[in-house]
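Spelled out, the chains give:
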Amino acid sequence: MSYAISAEPLVDIGANLAHDSFDADREQVIHRAAAHGVAQMVITGSTEDSSEKAARLAQQSEHKLFSTAGIHPHHAVDFSVQSVSVLKDLLTLSHVVAVGETGLDFFRNYSAPSVQQKSFEAHLELAIELQAPLFLHCRDAHQRFIDILKSVVDHLPPAVLHCFTGSRSELHECLELDLHIGVTGWICDERRGTHLLEIVGEIPKDRLMVETDAPYILPRDLDPKPKDRRNEPMYLAHIVNRIAQASGQPASLVAQQTTTVARRFFNLAPIKQEALS
Ligand SMILES: [Zn+2]
């Protein structure tokens, strides 16, 4: 058995390639992704250090890799006034294309909700000041998340809620705020993702993007399952196939549309060749 390959170039808008689980074989991971149709990736920054590491990785990549700069709600406790200037410096680089990830995660509350909110609001302020796209995270915090976004909606730059896992009504509240939606392999999870199969077709084509969130959220229906359970960007085509089935469209069309949206959203520079195989 082998994994799905996309004939159309894909963009993985959320890959945590700065994560230390990729330290030993990052080059091979990037090469495998390209061989499976992933032409470009946006590396997620989730702390000051990982945002810097992500920017360094993207810098050497000739427009194949880009990065975000932000502090994940889990790490909001580490957010300080100095963080803003670190992130702001990174965002002056042309390959650092979004503020985030930022948002709220009340599932684990590694940082207290009030601390998360403060960090989230500072990220919003920064994105508004720079008019940079926002890469957002929300788990078990929908109402507070929506309320905070509503308070700044008139100034909000383009924003994507990555790894959407919510309900139909939550989806439509996000769409009413003009959010883009990122779909991961959560949609492949027969225990907790089946509702996404029913609603993914309701996301307007010009607002849907795809991502792996690697090394997290390994699609549960991969065959064979990788022994180390680590998710990789190479599985993005598998996720696209699942979205295509669920929304009754050819996978090539979903690939084309999500790539067009991602390149416009993050304003990605064109690449010389679509995939390195
Ligand atoms: Zn996230």
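Above this text is the structure in question.
Residues take numbers from 1 onward in each chain, read along the sequence in its written order. pLDDT decides what is reported in this predicted model: residues at 70 or higher carry local features, side-chain atom pairs at 80 or more are listed and counted, and totals for whole chains, interfaces and linings draw on all residues regardless. No hydrogens and no water enter the side-chain calculation; it runs on all heavy atoms of the structure.

A word on helix α1 (residues 26-35). Three exposure classes are used, based on accessible area relative to the maximum for each residue type with a 1.4 Å probe and protein chains only: buried under 20%, partly exposed in between, and exposed over 50%. Helix and strand assignments follow DSSP, with helices taken as H or I runs no shorter than four residues and strands as E runs no shorter than two, numbered in order from the N terminus. Where α1 is concerned, the buried positions are R26, V29, I30, A33 and A34. Seen end-on, α1 carries its buried residues on one side only, within an arc spanning 135°. Contacts are residue-level and defined by heavy atoms, with any inter-residue pair within 4.5 Å sufficient. Buried residues in α1 make contact with β2 (38-43), α2 (48-59) and β3 (65-69). Relevant arc is that of directions from the helix axis to the C-beta atoms, nothing else.

Any carboxyl oxygen of Asp or Glu that lies within 4 Å of a side-chain nitrogen of Lys or Arg is treated as forming a salt bridge with it. In total, this model carries 14 salt bridges according to the counting rule given. The closest approach of N and O atoms between K53 and D23, which form a salt bridge, is 2.9 Å. With K53 in helix α2 and D23 in the loop between β1 (10-15) and α1, this residue pair connects regions lying 30 residues apart in the sequence. For D23, a relative accessible area of 43% puts it in the partly exposed group. Between E232 and R32 there is a salt bridge, with the nearest N and O atoms lying 2.9 Å from each other. Taken as a pair, E232 in the loop between β8 (208-210) and α8 (236-247) and R32 in helix α1 lie far apart in primary sequence, 200 residues in all.

Should DSSP find at least two bridges between two strands, the strands are taken to pair. Read across the sheet, 8 strands follow the order β1-β2-β3-β4-β5-β6-β7-β8 without closing on themselves; strand pairing throughout is parallel. A strand with exactly one partner marks an edge of an open sheet, and here the two such strands are β1 and β8. Across the sheet, the axes of successive neighbouring strands diverge by a mean angle of 30°, strand direction being ignored. With 3 bridges joining them, strand β5 (residues 134-139) and strand β6 (residues 159-161) adopt parallel strand pairing. Of the residues in β6, the one forming a bridge with F135 is V160. Throughout, an axis means a line fitted to C-alpha atoms (over the contacting stretch in the case of helices), and angles, computed between N-to-C directions, take values from 0 to 180 degrees. Helix α4 (residues 113-130) rests against β4 (96-105) and β5 of the sheet, and its axis sits at about 155° to β4.

Once that is clear, we can look at the pairing of β4. In terms of residue burial, β4 counts as a mostly covered element, since 10 of its 10 residues are buried. As defined by bridge partners, β3 adjoins β4 across 3 bridges and the pair is classed as parallel. Counted as the bridge partner of A69 is V99 from β4.

Time to look at empty space enclosed by the protein. Grid points spaced at 1 Å and placed over the protein atoms alone form the basis of the search, with a cavity being a set where a 1.4 Å probe fits but cannot get out and a pocket an open set showing protein on both sides within 12 Å along at least five of seven lines. Lining residues have an atom within 4 Å of a point. Grid points are joined across faces, edges and corners, and a volume is the space filled by probe spheres set on the points. A complete count under the given rule lists 1 cavity of 30 Å³ or more for this structure. By volume, the largest cavity is sized at about 50 Å³. Lining of the largest cavity is provided by V200, G201, K205, L208, I243, S247, Q249, V254, Q257 and T258. Per-element tally for the lining of the largest cavity: the top contributor is helix α9 (residues 251-265), with 3 residues. Only Asp, Glu, Lys and Arg are considered charged in this grouping, and only Ala, Val, Leu, Ile, Met, Phe, Trp, Tyr, Cys and Pro are considered nonpolar; every other residue, Gly among them, is considered polar. Looking at the lining of the largest cavity residue by residue, the class counts come to 4 nonpolar, 5 polar and 1 charged.

Each pocket or cavity is described by its volume, and for the largest pocket that value is around 680 Å³. Every residue lining the largest pocket is counted, 31 residues in all, and those nearest its centre are H72, H74, H137, D213 and Y216. If you list the elements that add at least two residues to the lining of the largest pocket, you get β4 and β5. Looking at which element gives the most residues to the lining of the largest pocket, the answer is β5, with 3 residues.

With that settled, consider the coordination of the zinc ion. Protein-derived coordination of the zinc ion comes from E101 (OE), H137 (ND1) and H162 (NE2), at a distance range of 2.1 Å. Only nitrogen, oxygen and sulfur atoms qualify as donors, provided they sit within 2.8 Å of the metal or within 3.2 Å for Na, K and Ca; with water excluded from the atoms, sites may seem incomplete. Expressed as a motif, the donor residue spacing for the zinc ion is E-x35-H-x24-H. Of this pair, E101 sits in strand β4 while H137 sits in strand β5, placing them 36 residues apart in sequence. In this pair, the class of E101 matches that of H137, namely buried.

In this model, G100 is joined to E101 through a cis peptide bond whose omega is 10°. Following A214, the chain continues to P215 via a peptide bond in cis, the omega torsion being 5°. Within the element layout of this structure, P215 appears in the loop between β8 and α8. Backbone geometry places C163, a non-glycine residue, at a positive phi of 45°. By the secondary structure assignment, C163 is in the loop between β6 and α6 (168-176). Owing to a relative accessible area of 10%, C163 belongs among the buried residues under this scheme. The phi dihedral of R229 falls on the positive side, at around 60°, and the residue is not glycine. A relative accessible area of 43% means that R229 is categorised as partly exposed.

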